[in-house]
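Summary of the model geometry
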Amino acid sequence: MIFTVDLEDWFCSPELSLADWKRYPFRLEKPTHLLLDMLDEKNAKGTFFVLGWIAEHKPELVKEIHRRGHEIASHGYAHRLVYKQSRLEFKEDIRHSKSLLEQLTGSEVRGYRAPCFSMTEWGLELLEEEGFNYDSSLMPNSFGGDSGGLSGYPNSGSSFRIKGRLTEYPLPAHRIGSLRIPWGGGGYYRLYPYEVFRYGVTSWLKGHDYFLFYIHPYDLDKEQPRIFQSTWSNSFRRYYGLGGTHRKIERMLSDFDCTSIEHYEHQAVGMVLHG
């Protein structure tokens, strides 16, 4: 299993401005340390897609994640939907984030994930121009949302070359009848009973080389303020099951070997060279 984390805090929403963000208290350090400790206990690694704004305000946290052996990748700077930015705005956003993270860690930032999976075709072109090696912003599903302008790509669940030298690591989606049901984590992870989720992962791994999982620190924070309740569905998606996420992840890390995208790629290259 590939374990990924979108490192953002509970208020880092595209619905709010950066000025709004400054009004709210940080809460991500405690749940992030919980994730790090659980990963350490199982000698597991992960890829952390870090917001540049978070890196500016919590540099020691990002350095600690890197010191513990996890991959640091980019989640952009300001968590703005890609398709709501101009090409120049997006280019400046990803360039700034990449530079910040590389200065903090001293390591190359190779990967990117778009806020709310809002990638576009022209966004992929700019990622390649800015020196990224892979993207993980494609979430095939039947429920729409902020999926951006990507369509027509395979729902294979495996990595593939998406643009020039740029590789895509899509999120998994199970096909049930005519529906494609997201299965990779986040709010969906909190919704599914763990036994159902585990069955879905086990079934997926029978036909794929890996399963890609993602989570946010706030998914483990049951005490977070409830400010995103504009609709019943939004409130349910955001806050349901927060109290059970910690235990679910503990069980998942016991049931599956977890690694980062970077380590997965190294292992895949090693298998090819020695195959």
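Report on the accompanying structure.

1. Digging into the overall build of the chain
What the chain contains, in helices and strands, is 11 helices and 10 strands. Here the C-alpha radius of gyration of the chain, 17 Å, is about what a compact globule of 275 residues would show, namely 19 Å. Once the C-alpha set of the chain is aligned to its principal axes, its extents read approximately 50 × 40 × 40 Å. The buried share of the chain, reckoned over its 275 residues, is 53%. Residue pairs in contact within the chain that sit at least 24 positions apart in sequence constitute 75% of those at least 6 positions apart. Carbon and sulfur atoms make up 50% of the accessible area of the chain, which amounts to about 12300 Å² in all. Charge separation in the chain, taken as the distance between the mean sites of 33 positive and 36 negative side-chain charges, equals 4 Å.

2. As for the pattern of salt bridges
Between side chains of opposite charge, pairing is possible as soon as their charged atoms come close. Under the counting rule described, the total for this entry stands at 20 salt bridges. For aspartate 219, the salt bridge goes to arginine 190, with nearest N and O atoms at 2.8 Å. Here aspartate 219, found in the loop between strand 10 (212-215) and helix 9 (232-239), pairs with arginine 190, found in helix 7 (residues 186-191); they are 29 residues apart in sequence, far enough to count as distant. Here aspartate 219 falls in the buried class, since its relative accessible area comes to 1%. In this structure arginine 190 comes out as buried when scored by relative accessible area, which is 5%. Linked through salt bridges whose partners overlap, the residues forming this network are Asp37, Asp40, Glu64 and Arg68.

3. Digging into the packing of helix 4 (residues 59-67) against helix 5 (residues 87-105)
When two helices pack together, you describe them by how their axes are tilted relative to each other and by the distance separating the axes. In the contact formed by helix 4 and helix 5, the axes pass within 9 Å of each other and the chain directions differ by 65°. The pairing of helix 4 with helix 5 is recorded here as roughly perpendicular in orientation. For the pair helix 4 and helix 5, the sense of crossing is right-handed. For the pair helix 4 and helix 5, contact is made by Pro59, Val62, Lys63 and His66 and by Leu101, Leu104 and Thr105, respectively. For the contact of helix 4 with helix 5, a count of residues per class yields four nonpolar, two polar and one charged.

Cut-off values and rules
Residue indices follow the written sequence of each chain, beginning from 1 at its first position. Thresholds applied to this predicted model are a pLDDT of at least 70 for local features of residues and 80 or more for the giving and counting of side-chain atom pairs; totals over whole chains, interfaces and linings are not thresholded and use all residues. Side-chain calculation: all heavy atoms of the structure are included, whereas hydrogens and water are not. Put simply, DSSP marks the helices as runs of H or I at least four residues long and the strands as runs of E at least two long, and each gets a number from the N terminus on. Radius of gyration here is computed from C-alpha atoms only, and the compact-globule reference equals 2.2 Å multiplied by the residue count raised to the power 0.38. Throughout this description, buried means an accessible area under 20% of the type-specific maximum (1.4 Å probe, protein chains only), exposed means over 50%, and partly exposed covers the range between. Contacts between residues were defined by any pair of non-hydrogen atoms, one from each residue, lying within 4.5 Å. Each accessible area value is a Shrake-Rupley result obtained with a 1.4 Å probe; residue values ignore everything except the protein chains displayed when judging cover. His is not counted, nor are the chain ends, whereas Lys and Arg count as positive and Asp and Glu as negative. Charge coordinates come from a single atom per side chain, which is NZ of Lys, CZ of Arg, CG of Asp or CD of Glu. The rule for a salt bridge is simple: a side-chain nitrogen of Lys or Arg has to be within 4 Å of a carboxyl oxygen of Asp or Glu. Working convention: axes come from line fits to C-alpha atoms, limited for helices to the stretch in contact. Angles between N-to-C directions cover 0 to 180 degrees. Angular relationships are summarised with four words: roughly parallel below 35 degrees, roughly antiparallel beyond 145, roughly perpendicular across 65 to 115, and oblique for the angles in between. Handedness of each helix crossing follows the sense of rotation of the near helix against the far helix: counterclockwise by less than a right angle gives left-handed, clockwise gives right-handed. Polarity classes work like this: nonpolar for Ala, Val, Leu, Ile, Met, Phe, Trp, Tyr, Cys and Pro, charged for Asp, Glu, Lys and Arg, and polar for all others, with Gly in that last group.

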